[in-house]
Amino acid sequence: MLRKGKGKDKLQVVEVGAINIQLHSCSFMKVKSIDLNSQHPLIEEIDFFDIPTSAAYDVVVSSMVINCVPSPKKRAEMLARLNAHLKGDGILFLVLPTRCITSKYIGGLDLFNKVLRSVGLVDVKSDKLETKTSPKLSYFILKRSLPYINIPGHVKITWQMILSQATQNLEQGGKSMNRFVVNSSCNCKGKGVNSIDG
């Protein structure tokens, strides 16, 4: 579905929290792999939060990373940044532990769905946010939905704009941006991904 036709430029891909270089074997992709603690020369050792967002990627991959960010504020910022890294027709592949988003302590999957919609991410096929889950993992294939942003005079949409709009959307619905994605019991310990203190 994502492959470009013959003679077309390669898909620009960034993998956040990469633990291997499998994606680099895809000839139709130009892959930038990053992690806080690189285990391979092709994985750049850098903090995701330090990378300027420029809507440069056809595909962004984030698997088992947001649950390793301990601060709700930083988790919200990460979702906004993931969105802002996408080109207008880009796709985000997001994977999280099911237990971390279905927990009664953080509001369950319905609240996470509201958060994703608030940061302008919708299901790639139906424009409705749907997910596939297993007992251990939840998979999301998402695309940008820009109409939710209403900031006159701005051509470039930044992650700060996305986060500000998302926070307003949730507060208007009686929800708090501080209750989502993962509770403290789901944080990674010593995994070496984007574990940033808020």
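As the structure is a computational prediction, the values presented were derived from the model and not from experiment.

(A) Molecular detail of the overall build of the protein chain. Scanning the protein chain from N- to C-terminus turns up 4 helices and 8 strands. If you list the helices and strands of the protein chain from N to C, you get β-β-β-β-α-β-α-α-β-β-β-α. For the protein chain, the share of sequence-separated contacts (at least 6 apart) that also reach a separation of at least 24 residues comes to 65%. Just so you have it, the protein chain exposes about 10,300 Å², and 51% of that area is on carbon and sulfur atoms.

(B) Structural context of the environment of Leu 36. Topologically, Leu 36 is positioned in the loop between β2 (29–35) and β3 (43–45). Taking relative accessible area as the criterion, Leu 36 reaches 23% and is therefore assigned partly exposed. Remark: the alpha-carbon pair of Leu 36 and Asp 47, spanning 11 residues in sequence, is separated by 5.6 Å.

(C) Region of interest: the pairing of strand β4 (residues 57–63). By the criterion of burial, β4 is predominantly enclosed, with 6 of the 7 residues buried. As defined by bridge partners, strand β1 (residues 11–16) adjoins β4 across 4 bridges and the pair is classed as parallel. When the bridges of β4 are listed, Glu 15 appears paired with Val 61. Sheet analysis places β4 next to strand β5 (residues 86–97), joined by 6 bridges and oriented parallel. Bridge pairing links Ser 63 to Val 95 in β5.

(D) View of the packing of aromatic side chains. On inspection of all chains with the given rule, the structure shows 1 aromatic pair. Pairing Phe 48 with Phe 49 gives two aromatic rings, centres 5.8 Å apart and planes at 75°, and the pair type is edge-to-face. Phe 49 gets classed as buried once you look at its relative accessible area, which sits at 8%. One Lys or Arg, Lys 74, reaches over the ring of Phe 49 and ends 4.4 Å from the middle of that ring.

(E) Layout of the pattern of salt bridges. The final tally for this structure, using the stated rule, is 4 salt bridges. We note a salt bridge from Glu 77 to Arg 81, for which the minimum N-O separation is 2.7 Å. A residue pair is termed a helical-turn pair when its members lie 3 or 4 positions apart in one helix, as Glu 77 and Arg 81 do in helix α1 (residues 72–85) at 4 residues. Of the two residues, Glu 77 and Arg 81, neither departs from the other in class, the shared state being buried.

(F) Structural context of α1. In this model, α1 (14 residues) spans 20 Å end to end at C-alpha, consistent with the 20 Å of a helix rising 1.5 Å per residue. With 12 of 14 residues buried, α1 is to be regarded as a mostly interior element. Listed as buried for α1 are Lys 74, Arg 75, Ala 76, Glu 77, Met 78, Leu 79, Ala 80, Arg 81, Leu 82, Asn 83, Ala 84 and His 85.

(G) Expanded view of the nonpolar core. With 33 residues, the main nonpolar core has Met 78, Leu 79, Leu 82, Leu 92, Leu 94, Phe 112 and Leu 116 as its most contacted residues. Element by element, the count of residues in this core is highest for α1, at 6 residues. Of all hydrophobic cores here, the second largest spans 7 residues; its members include Leu 11, Phe 28, Val 59 and Val 61.

Reading guide: rules and limits
Residues numbered from 1 in each chain as written. Predicted model: local features only at pLDDT ≥ 70, side-chain atom pairs only at ≥ 80, totals over all residues. Heavy atoms only, no water. Helix = DSSP H or I, 4+ residues; strand = E, 2+ residues; numbered from the N terminus. Contact = heavy atoms within 4.5 Å. Areas by Shrake-Rupley, 256 points an atom, 1.4 Å probe, with all protein chains shown as cover. Buried < 20%, exposed > 50% of the residue type's maximum accessible area, 1.4 Å probe, protein only. Pairing = 2+ DSSP bridges. Phe/Tyr/Trp six-rings, centres within 6.5 Å; stacked < 30°, edge-to-face > 60°. Lys NZ or Arg CZ within 6 Å of the ring centre and 35° of its normal. Salt bridge = Lys/Arg side-chain N within 4 Å of Asp/Glu carboxyl O. Expected span 1.5 Å × (residues − 1). Core = buried A, V, L, I, M, F, W, Y, C linked by side-chain atoms within 4.5 Å.

Purely geometric stuff here, so don't read any function into it on its own.
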